[in-house]
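These are the residues of each chain, in order.
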Amino acid sequence: TLPLLAAASAVPRGGSPPVSQCNVGSLQCCNSVQSATSLSDPVSLLLGLLGVVVSGLTGQVGVTCSPISVVGVGGNSCTAQPVCCTDNSFNGLIALGCSPININL
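Quick caveat: nothing in here was measured; it's all calculated off a predicted structure.

**Q** What am I meant to see in the overall build of the protein chain here?
**A** Along the protein chain, the regular secondary structure elements total two helices and four strands. When the helices and strands of the protein chain are listed from N to C terminus, the series reads α-β-α-β-β-β. In the protein chain, the share of contacts with a sequence separation of at least 24, taken over all contacts with a separation of at least 6, comes to 72%. Entry remark: accessible area of the protein chain is about 6000 Å², with carbon and sulfur atoms responsible for 58%.

Structure representation (structure tokens):
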């Protein structure tokens with residue numbers, strides 16, 4: 001399982017800010033993250049049903065997210081995609097304005 005964990009927690013495309021730079025949003029662990037400019041049809045439909053104007057979105061959209069409260073404390077590890085999101089007002093179903101971060105710093 002260790003190779004799977006290492007592969008699942010890798011941060012795509014370098015340049016991700018460390019957790020300490022997540023000061024404009026909340027730290028989230030999302031099952032998937034999509035670019036706001038190339039959303040899948042199910043995510044676009046869901047955003048429409050929630051009243052979100054898709055054409056006005058920037059950054060990335062996190063899907064099925066849960067908060068990460070304290071990094072480094074047992075029980076808060078993220079084996080999916082750790083992100084910093086500016087809008088998580090949909091109870092983890094969708095998070096908006098997300099940026100990938102590196103929680104392994």
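**Q** What am I meant to see in the sheet that holds strand 2 (residues 60–67) here?
**A** The pairing of strands in a sheet comes from backbone hydrogen bonds and takes either a parallel or an antiparallel form. Around the barrel, which closes on itself, the four strands sit in the order 1-2-4-3 with antiparallel pairing between neighbours. Averaged over all pairs of adjacent strands, the angle between strand axes in this sheet comes to 65 degrees, irrespective of strand direction. Pairing of strand 3 (residues 81–87) with strand 4 (residues 94–100) involves four bridges; the strand directions are antiparallel. Of the residues in strand 4, the one forming a bridge with C85 is C98. Each of strand 1 (26–35), strand 2 and strand 4 is contacted by helix 2 (residues 41–49), which is oriented at about 125 degrees to strand 4, the strand it contacts most.

**Q** What should I look at first to understand the nonpolar core in this one?
**A** Nonpolar side chains in soluble globular proteins tend to end up buried together. In this structure, A36, L39, V43, L47, V52, L57, V61, V63, F90, I94 and L96 together form the largest nonpolar core, which totals eleven residues. Counting only elements with at least two residues in this core, the list comes to helix 2, strand 2 and strand 4. Apart from the residues lying within four places of it in its own chain, the contact partners of L57 are A36, L39, L47, V52 and L96.

**Q** It is not clear to me how unusual backbone geometry should be interpreted in this structure. Could you clarify?
**A** The phi torsion of most residues other than glycine is negative, and most of the peptide bonds are trans. Positive phi, normally seen in glycine, also occurs at T64, with a value near 55 degrees. Note that T64 resides in strand 2. Of note in the backbone geometry, N91 takes a positive phi value of approximately 55 degrees without being a glycine. Considering the arrangement of structural elements, one finds N91 in the loop between strand 3 and strand 4. What makes N91 exposed here is its relative accessible area of 80%.

**Q** What is the right way to read the pairing of strand 3 from this model?
**A** A regular strand carries its side chains on alternate faces of the sheet. Judged by how many residues are buried, strand 3 sits mostly within the fold: five of seven residues are covered. As paired strands, strand 1 and strand 3 are joined by five bridges and run antiparallel to one another. In the sheet register, L27 faces strand 3, and the bridge partner there is C84. The loop that links strand 3 with its antiparallel partner strand 4 comprises six residues; one of these, N91, has a positive phi angle of about 55 degrees.

**Q** Explain the environment of G97 here, please?
**A** Note on placement: G97 falls in strand 4. Here the alpha-carbon distance between G97 and T58, two residues 39 residues apart in the chain, equals 6.1 Å. With near-sequence residues (within four places) excluded, G97 lies in contact with T58, Q60, C84, C85 and T86.

Thresholds, definitions, all that
- Residues numbered from 1 in each chain as written.
- Predicted model: local features only at pLDDT ≥ 70, side-chain atom pairs only at ≥ 80, totals over all residues.
- Heavy atoms only, no water.
- Helix = DSSP H or I, 4+ residues; strand = E, 2+ residues; numbered from the N terminus.
- Contact = heavy atoms within 4.5 Å.
- Areas by Shrake-Rupley, 256 points an atom, 1.4 Å probe, with all protein chains shown as cover.
- Pairing = 2+ DSSP bridges.
- Axes fitted to C-alpha atoms, helices over the stretch in contact; angles between N-to-C directions.
- Core = buried A, V, L, I, M, F, W, Y, C linked by side-chain atoms within 4.5 Å.
- Buried < 20%, exposed > 50% of the residue type's maximum accessible area, 1.4 Å probe, protein only.

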